Amino acid sequence: MAARGTAELHLFVAAAVLTTATAATACGGGATNVAAPVVTATIVTTTTIPPTTTTAPTTTTAPTTTVPPTTTTTAPPVIYVVQNGDTLTGIAVRNGVTSQALAQANAITDPRRIMPGQKLTIPAASSAGANGG
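Computed from a prediction, not measured in an experiment: that's the story for all the values here.

*Asks:* Honestly, the confidence of the model for the protein chain in this entry has me stumped. Any pointers?
*Replies:* Caution applies to low-pLDDT parts of the model: their predicted coordinates are not meant to be read in detail. Predicted confidence across the protein chain gives a mean pLDDT of 73, with 59% of residues reaching 70 or more. In the predicted structure, residues 9–27 sits below a pLDDT of 50 and forms 45 contacts with residues beyond four places in sequence or in another chain. Segment residues 127–133 is flagged for pLDDT under 50; beyond a separation of four residues in sequence, or across chains, it makes 18 contacts in the model.

*Asks:* Can you walk me through the nonpolar core in this structure?
*Replies:* Nonpolar side chains in soluble globular proteins tend to end up buried together. With twelve residues, the main nonpolar core is built from Tyr80, Val82, Leu88, Ile91, Ala92, Val97, Leu102, Ala103, Ile108, Ile114, Leu120 and Ile122. Of all the elements in the fold, those that place two or more residues in this core are α1 (88–94), α2 (99–105) and β8 (119–122). In terms of residue count, α1 provides more of this core than any other element does, three residues in total. Each residue touching leucine 88, except ones within four places of it in the same chain, is listed here: Ser99, Leu102, Ala103, Ile108, Pro111, Ile114 and Leu120.

What counts, and where the lines are drawn
- Residues numbered from 1 in each chain as written.
- Predicted model: local features only at pLDDT ≥ 70, side-chain atom pairs only at ≥ 80, totals over all residues.
- Heavy atoms only, no water.
- pLDDT = per-residue confidence, 0-100.
- Contact = heavy atoms within 4.5 Å.
- Core = buried A, V, L, I, M, F, W, Y, C linked by side-chain atoms within 4.5 Å.
- Buried < 20%, exposed > 50% of the residue type's maximum accessible area, 1.4 Å probe, protein only.
- Helix = DSSP H or I, 4+ residues; strand = E, 2+ residues; numbered from the N terminus.

Given below as structure tokens:
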């Protein structure tokens, strides 16, 4: 039996054959039929086939990139001191905010009633831009 993982292949080329042949003997001066064994040999060829090697699939991992954490810094609020002749809309336009956002940030109910020396907190600029009102 073959070892584990191998296979043996046996090839039988010929079988043993016993035949008779005529042989001459010197006895009695005549030819005599004598059974002479004739053997044909059996040839066995053994070929060992090596085991097939199977390679397991490999796993490729994509490289990873570490993204540093983002930090959000909040700017300190901008304080504007109202000057003589300022309007809420004018202050808003100069600071890139809407007059509504400026009024809301400062709890102003009547935009016509701002006074010189009054401190206004300017909210963060909006992406919509300034529009009067």
